[in-house]
Amino acid sequence: MKEKVKIELIEYTYECGDGCCTNYGTITKINGVEMECQNQDTETIIYHILTHLGYEVEIETIYE
């Protein structure tokens, strides 16, 4: 049987007290372990998930 992997993508938005700036991103957790990098970049999120699971990763992004 294959091991189950639980991936949590936690979206957040923070607005400063006077409303002049907004910060947002995605916290990624794998089996309860929070990854260091927090952002909205899909390529980075996938990279961190796979390397955390022990894979050597090369991601190619193609824009059409």
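Scroll up for the structure.
This one's a predicted model, so the numbers in the text were calculated from it and none came from an experiment.

K.L.:
Even after reading the chapter, I still don't get the overall build of the protein, so can you show me in this structure?
P.N.:
Within the protein one finds 1 helix and 3 strands. Ordered by position from the N terminus, the helices and strands of the protein form the series β-β-β-α. Relative to the compact-globule value of 11 Å for 64 residues, the protein shows a C-alpha radius of gyration of 15 Å, a clear excess of over 25%. For the protein, the spread of C-alpha atoms along the three principal axes comes to 50 × 35 × 15 Å. Out of the 64 residues belonging to the protein, those deemed buried represent 17%. Restricting the contact set of the protein to residue pairs at least 6 apart, pairs at least 24 apart contribute 17%. A total accessible area of about 5500 Å² is found for the protein, and carbon and sulfur atoms account for 49% of it. Averaging the locations of the 4 positively and 13 negatively charged side chains of the protein gives two centres separated by 17 Å.

K.L.:
Mind showing me how you'd approach the sheet that holds strand 2 (residues 22–30) here?
P.N.:
Pairing between the strands of a sheet comes from backbone hydrogen bonds, and it takes one of two forms, parallel or antiparallel. One open sheet accounts for 3 strands, arranged 1-2-3; its pairing is antiparallel. Two strands bound the open sheet, and with one partner strand each, they are strand 1 (7–15) and strand 3 (33–34). As paired strands, strand 2 and strand 3 are joined by 2 bridges and run antiparallel to one another. Looking at strand 3, one finds that I30 is bridged to V33.

K.L.:
I would appreciate a short explanation of the pairing of strand 1 in the present structure.
P.N.:
The side chains of a regular strand alternate, first on one face of the sheet and then on the other. Little of strand 1 sits inside the fold, with 0 of its 9 residues counted as buried. As paired strands, strand 1 and strand 2 are joined by 9 bridges and run antiparallel to one another. The residue of strand 2 that forms the bridge with L9 is T28. The turn joining strand 1 and strand 2, which pair antiparallel and follow one another in sequence, is formed by 6 residues; a positive phi near 80 degrees is taken by G19.

K.L.:
Would you take a moment to explain unusual backbone geometry for this structure?
P.N.:
Comment: phi is negative for the bulk of residues other than glycine, and the bulk of peptide bonds are trans. Despite not being glycine, N31 shows a phi value in the positive range, around 50 degrees. Note that N31 resides in the loop between strand 2 and strand 3.

K.L.:
Looking at this structure, how should I read a nonpolar patch on the surface?
P.N.:
Residues V5, I7, L9, I46, Y47, L50, L53, Y55 and I59 make up a contiguous nonpolar surface patch of about 750 Å² in total accessible area. For the nonpolar patch, the secondary structure elements donating two or more residues are strand 1 and helix 1 (42–52). Sort the elements by how many residues they give to the nonpolar patch and helix 1 lands first, with 3 residues.

K.L.:
Where do I start with the side chain of T44 in this structure?
P.N.:
Looking at the secondary structure, you find T44 in helix 1. A polar side-chain atom of T44 sits 2.5 Å from a polar atom in the side chain of D41. Not counting residues up to four positions away in its chain, the partners in contact with T44 are C37 and N39.

Rules behind the numbers
Residues numbered from 1 in each chain as written. Predicted model: local features only at pLDDT ≥ 70, side-chain atom pairs only at ≥ 80, totals over all residues. Heavy atoms only, no water. Helix = DSSP H or I, 4+ residues; strand = E, 2+ residues; numbered from the N terminus. Rg over C-alpha atoms; globule rule 2.2 N^0.38 Å. Buried < 20%, exposed > 50% of the residue type's maximum accessible area, 1.4 Å probe, protein only. Contact = heavy atoms within 4.5 Å. Areas by Shrake-Rupley, 256 points an atom, 1.4 Å probe, with all protein chains shown as cover. Lys, Arg positive; Asp, Glu negative; His and termini not counted. Charge placed at Lys NZ, Arg CZ, Asp CG, Glu CD. Pairing = 2+ DSSP bridges. Patch = residues over 30% accessible without salt bridge, like charges linked within 9 Å, V, L, I, M, F, W, Y side chains within 5 Å. Salt bridge = Lys/Arg side-chain N within 4 Å of Asp/Glu carboxyl O. Polar contact = N/O pair within 3.5 Å; in protein donor to acceptor, adjacent residues only side chain to side chain.

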